[in-house]
Amino acid sequence: MGALRNPYRVNADRSLPERWRIPIVLMLACGFAGLALRYLAREHTNSDAVQFLIPWYTFARDHGVGALAEPFTNYTPFYSYLLLIAASFDWLGQPLSLVKAISAIFELGCAIVAAQMVWRATRVPLRVSLAFCSVWLAPTVLFNGAMWGQADSIWTFFALLSVAMFMRNRNGVLPFAIGCSVKAQGVFLGPFVLGMILRRKIHLAWLAAIPGAYAILAIPVLVAGRSLVSVLGVYLGQASTFHHLTMNAANFWVFAGGTPYTVGVAIGLVLAAASGLALSIFIAQSKRTGPEFILLVACASLILMPYLLPKMHERYFYAFELASIALACLNLRYLPFAVIAQVDGVLSYLAFESEIVMGLLPAALCNSFLVFYLVLDLRQGERGFRLPGLAWLGFIASMAGLFSYLLFAGAGLNISLAYILAAGLAALMTLLLIKESRA
């Protein structure tokens, strides 16, 4: 592409292959390592896979296109199409492996989009390769897809694509609309998209793309004979599935678990709506520009919504966890944010994976620090960066101690002096690391 734009400049820069040699080797090595890890985890299963994913796949395989006439999943029609495509390769492997392959394809897409964000903003090959490798091998990504076979990489791919388009001064509403049509969690990016619409003076009619994309993607199932009421009621059915203020999500509701359910839902919706609207107005009125600012406010949107909303699952911070990796590759000042997000995510995943619920409290506290300092960064503007060696050492040691204690203590509630010390020290070192990294 560079040769087409300016053939003379490409020949003049003979160092370009040298700049890309190590990054390409790194990406290839990490790419194969990620495939190997996914292969090793192909048979790992949990209750969700047994009760939902495998029966859904089996129904799609046994009924073919005719399955579209039935609501055989509690997801939107888009996921049904993906299951049908996966079922056409049934001869390649076991049902669960093929379901996980769907997630892996979109995980690869997320890694590519994150790398593209970093390339557009920095033009530094090594940072591009680190963004790709970090997303592809992120612990929460491996937990979510390789181990659980969950579909969060699908809507996250479209959310990241939307952010990438806005970073390039293009209209990213359409991929956002598709993301919302895949899973309701796509709306976590809503405050960011609304703010960018107001900021760029994009016609508000583009908001019609959200229901429009859902309607267009639902055409095949409607033609196959599925009822309109069933198609339109997917998200309502999902919202009424569980009646807990938090489903292992390390968010605000970990601290307010005693709140009555109906009161908590109302308060959470109001808090999220008010905060989202405030963020949209801030984006529209801010004088800051550039790719880093666009990605920063996207990260703020992707963490604020699951942090404040009730009924969130442990995996709903997925998009923030990946976007924060791209942000860290743009500006090393945000490296602690990406690392802490991964640690908090794993602590949350352990609550479902191994019933180790005591990790939720320190994870929620650390996520609170992330939210506070992200909002603070938006208000105060750009700052410098320094590498606080002692803070990193303390953070690593304290988190290692916390994980060791949790794994040793095992499942269930186990409040002891050792837990209080480990959790308190981990939270303190997290706070210190964030503060010290902001020069």
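What counts as what
Residues numbered from 1 in each chain as written. Predicted model: local features only at pLDDT ≥ 70, side-chain atom pairs only at ≥ 80, totals over all residues. Heavy atoms only, no water. Helix = DSSP H or I, 4+ residues; strand = E, 2+ residues; numbered from the N terminus. Buried < 20%, exposed > 50% of the residue type's maximum accessible area, 1.4 Å probe, protein only. Contact = heavy atoms within 4.5 Å. 1 Å grid on protein atoms, 1.4 Å probe; cavity = no way out; pocket = protein on both sides within 12 Å on 5 of 7 lines; lining within 4 Å. Points joined across faces, edges and corners; volume = space filled by probe spheres on them. Nonpolar A, V, L, I, M, F, W, Y, C, P; charged D, E, K, R; others polar. Core = buried A, V, L, I, M, F, W, Y, C linked by side-chain atoms within 4.5 Å. Phe/Tyr/Trp six-rings, centres within 6.5 Å; stacked < 30°, edge-to-face > 60°. Disulfide = S-S within 2.5 Å.

So, the environment of Glu321
Here Glu321 shows up in helix H18 (residues 318–330). Residue classification places Glu321 among the buried residues on the basis of a relative accessible area of 2%. Considering only alpha carbons, one finds Glu321 and Gly394, 73 residues apart in sequence, at a separation of 22 Å. Ignoring anything within four residues of it in the chain, the contact list for Glu321 reads Thr140, Ala341, Gln342 and Gly345.

So, the layout of surface pockets
Taken as a whole, the largest pocket holds about 1100 Å³ of empty space. In terms of lining residues, the largest pocket is bounded by 42 residues, among which Gln185, Gln238, Lys311, Met312 and Tyr316 are the most central. Across the lining of the largest pocket, the residue classes tally to 28 nonpolar, 9 polar and 5 charged.

What about empty space enclosed by the protein?
In the structure shown here, the tally under the stated rule is 2 cavities of 30 Å³ or more. In this structure, the largest cavity spans a volume of roughly 60 Å³. Lining the largest cavity are Ala250, Glu314, Phe317, Phe320, Glu321, Ala341, Asp344, Gly345, Ser348 and Asn367. When contributions to the lining of the largest cavity are tallied by element, the ones reaching two or more residues are H18 and helix H19 (335–353). Here the residues of the lining of the largest cavity sort into 4 nonpolar, 3 polar and 3 charged.

Examining the nonpolar core
With 142 residues, the main nonpolar core has Tyr79, Leu83, Met117, Ile154, Leu189, Phe192 and Leu295 as its most contacted residues. No other element matches helix H17 (residues 291–308), which puts 14 residues into this core. Look past the residues within four positions of Ile154 in its chain and what remains in contact with it is Phe78, Tyr79, Leu82, Ile102, Phe106 and Val182.

So, the packing of aromatic side chains
The tally for this structure, following the rule as stated, stands at 24 aromatic pairs. The interplanar angle of 55° and the centroid separation of 5.9 Å between the aromatic rings of Phe52 and Trp56 together place this pair among those described as tilted. Taken together, the positions of Phe52 and Trp56, both in helix H4 (residues 47–63) and 4 residues apart, correspond to about one turn of that helix. What makes Trp56 buried here is its relative accessible area of 8%.

Details of the state of the cysteines
Inspection of every chain in the model, using the stated rule, returns 0 disulfides. In this structure Cys133 is a free cysteine whose sulfur lies 3.3 Å from that of Cys30, the closest cysteine sulfur available. Using a relative accessible area of 7% as the deciding quantity, one classes Cys133 as buried. No disulfide involves Cys299; its nearest neighbouring cysteine sulfur is the one of Cys329, lying 11 Å away. The exposure class assigned to Cys299 is buried, which follows from its relative accessible area of 0%.

Purely geometric numbers; function is a separate question.
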